[in-house]
Amino acid sequence: MSRSDAHRGYAPAASGGRPRLIDLMLPWAAGILVTLVAELAVAVVVWDWVAGDDPSKVASPARTILFLHLPSAICIALGTWAAAALHRSPSRDSRVRHALAAFAPAVALQLVIYVSQGSDLTVVTFLVQFVVLPAGCAVGFLADRLRNG
């Protein structure tokens, strides 16, 4: 690399010449995969074992929080933890990149959920899901921080 390239800001990536976006791909893929598999397991448990053929068994607000939103927060926490755990140095050393690696999968999946609900999205549903997302992300990020000291 010539001095003129360095002057223009064309410095090689810190991770052995790989672009920095590549350092985020594995954590994002892991975060999305872990979250989706956990959500699928929760859906099977709730809808097949708990509710059975009668969705009214989870129709009360307390049961909705207990059987849908709390497990969803746990799934988001697991996905955030997986994404943060697979994010490696030197990209991990940047707080912004590490937060982006950890939180982007959960936020992207939540945006997909909002879009897929379309006109069925109510203010209450939006607010509850908006509380579940940061709660799950915070727990998953804290678990990664505790694991790494």
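Scroll up to find the structure this text is about.
Report on the accompanying structure.

Conventions used here
- Throughout this description, residue numbers start from 1 for each chain and increase along the sequence as written.
- Under the rules for a predicted model, residues below a pLDDT of 70 receive no local features and side-chain atom pairs below 80 are neither given nor counted, while totals for whole chains, interfaces and linings still include all residues.
- Excluded from the side-chain calculations are hydrogens and water; all other atoms, namely the structure's heavy atoms, are used.
- In this description, a line fitted to the C-alpha atoms serves as the axis of each element, helices being fitted only across the stretch in contact, and the angle between N-to-C directions of two axes falls anywhere from 0 to 180 degrees.
- What counts as a helix is a DSSP run of H or I of at least four residues, what counts as a strand is a run of E of at least two, and both are numbered from the N terminus.
- When an angle is under 35 degrees it counts as roughly parallel; over 145 it counts as roughly antiparallel; between 65 and 115 it counts as roughly perpendicular; any other value is oblique.
- Handedness of a crossing follows from how the near helix is turned relative to the far one, being left-handed for an anticlockwise turn of less than a right angle and right-handed for a clockwise one.
- Working rule for contacts: check all heavy atoms of both residues, and any pair within 4.5 Å makes them a contact.
- Each residue's exposure class comes from its accessible area (1.4 Å probe, protein chains only) as a fraction of the maximum for that residue type: buried when under 20%, exposed when over 50%, partly exposed otherwise.
- Nine residue types can take part in a nonpolar core, namely buried Ala, Val, Leu, Ile, Met, Phe, Trp, Tyr and Cys, and a core is a set of them joined through side-chain atoms within 4.5 Å.
- Pairs of N or O atoms within 3.5 Å make up the polar contacts considered here, provided that, within protein, one atom can donate a hydrogen while the other can accept it, and that residues adjacent in sequence are counted only when both atoms are side-chain atoms.
- The patch calculation keeps residues exceeding 30% relative accessible area without a salt bridge and links them within 9 Å when they carry like charges or within 5 Å when they are nonpolar (Val, Leu, Ile, Met, Phe, Trp, Tyr).
- Shrake-Rupley sampling with a 1.4 Å probe provides the accessible areas, and residues are treated as covered by the protein chains on show and by no other component.
- By convention in these notes, a salt bridge is any Lys or Arg side-chain nitrogen within 4 Å of a carboxyl oxygen on Asp or Glu.

## Observations concerning the packing of helix α3 (residues 61–86) against helix α5 (residues 123–148)
And then number 1: Viewed as axis vectors pointing N to C, α3 and α5 meet at an angle of 40°, and their least axial separation amounts to 7 Å. Taken together, the axis directions place α3 and α5 in an arrangement best described as oblique. Like other packed secondary-structure pairs, α3 and α5 cross with a definite hand, here right-handed. Of the residues in α5, those in contact with H69, S72, A73, I76, A77, T80, W81, A84 and A85 of α3 are V128, V132, L133, G136, C137, V139, G140, F141, A143, D144 and R147.

## Thoughts on the environment of A73
And then number 1: Assignment of secondary structure puts A73 in helix α3.
And then number 2: The class of A73 is buried, set by a relative accessible area of 14%.
And then number 3: Each C-alpha atom of the pair A73 and A135 lies 6.6 Å from the other, and the pair is 62 residues apart in sequence.
And then number 4: Beyond its immediate sequence surroundings of up to four residues, A73 is in contact with V132 and G136.

## Some thoughts on the environment of A104
And then number 1: Locating A104 in the fold gives a position in helix α4 (residues 95–117).
And then number 2: When its relative accessible area of 21% is taken as the criterion, A104 is described as partly exposed.
And then number 3: Aside from chain neighbours lying at most four places away, what touches A104 is W28 and A99.

## Some words on the nonpolar core
And then number 1: Listed in full, the six residues of the largest apolar core are A73, I76, A106, V132, L133 and C137.
And then number 2: Listing elements by their share of this core, those giving two or more residues are α3 and α5.
And then number 3: Considering each element in turn, this core owes the most residues, three residues, to α5.
And then number 4: Filtering out sequence-adjacent residues up to four positions away, A106 remains in contact with I76, T80, L133 and C137.
And then number 5: The next biggest cluster of nonpolar side chains, apart from the first, holds five residues, and it includes A38, V42, V46 and C75.

## Some details on the side chain of H87
And then number 1: Along the chain, H87 turns up in the loop between α3 and α4.
And then number 2: Since its relative accessible area comes to 0%, H87 is described here as buried.
And then number 3: Within the structure, the side chain of H87 is placed 2.9 Å from the side chain of H98, a separation counted as a polar contact.
And then number 4: Setting aside chain neighbours within four positions, we find H87 in contact with D23, L24, P27, R92, R97, H98 and A101.

## Quick look at a nonpolar patch on the surface
And then number 1: Judged by side-chain polarity, V34, L66, L70, I74, L78 and W81 come together as a nonpolar surface patch covering roughly 500 Å² of accessible area.
And then number 2: By residue number, the principal contributor to the nonpolar patch is α3, which donates five residues.
And then number 3: Taking the relative accessible area as the measure of exposure, W81 reaches 33% and is therefore partly exposed.

## Topic: the environment of T80
And then number 1: Locating T80 in the fold gives a position in helix α3.
And then number 2: We classify T80 as buried; its relative accessible area is 1%.
And then number 3: Along the backbone, T80 and F103 are 23 residues apart, and their C-alpha atoms lie at a distance of 6.1 Å.
And then number 4: Once residues within four sequence positions are removed from consideration, T80 is found in contact with A102, F103, A106, G136, C137, G140 and F141.

## Digging into the packing of helix α2 (residues 20–50) against α4
And then number 1: It is at 9 Å that the axes of α2 and α4 come closest, and there the two elements cross at 40°. As far as their axial angle goes, α4 and α2 are oblique. For the crossing formed where α2 meets α4, the hand is right-handed. Residues R20, L24, P27, W28, G31, I32, T35 and L36 of α2 pack against R97, L100, A101, A104, P105 and L109 of α4.

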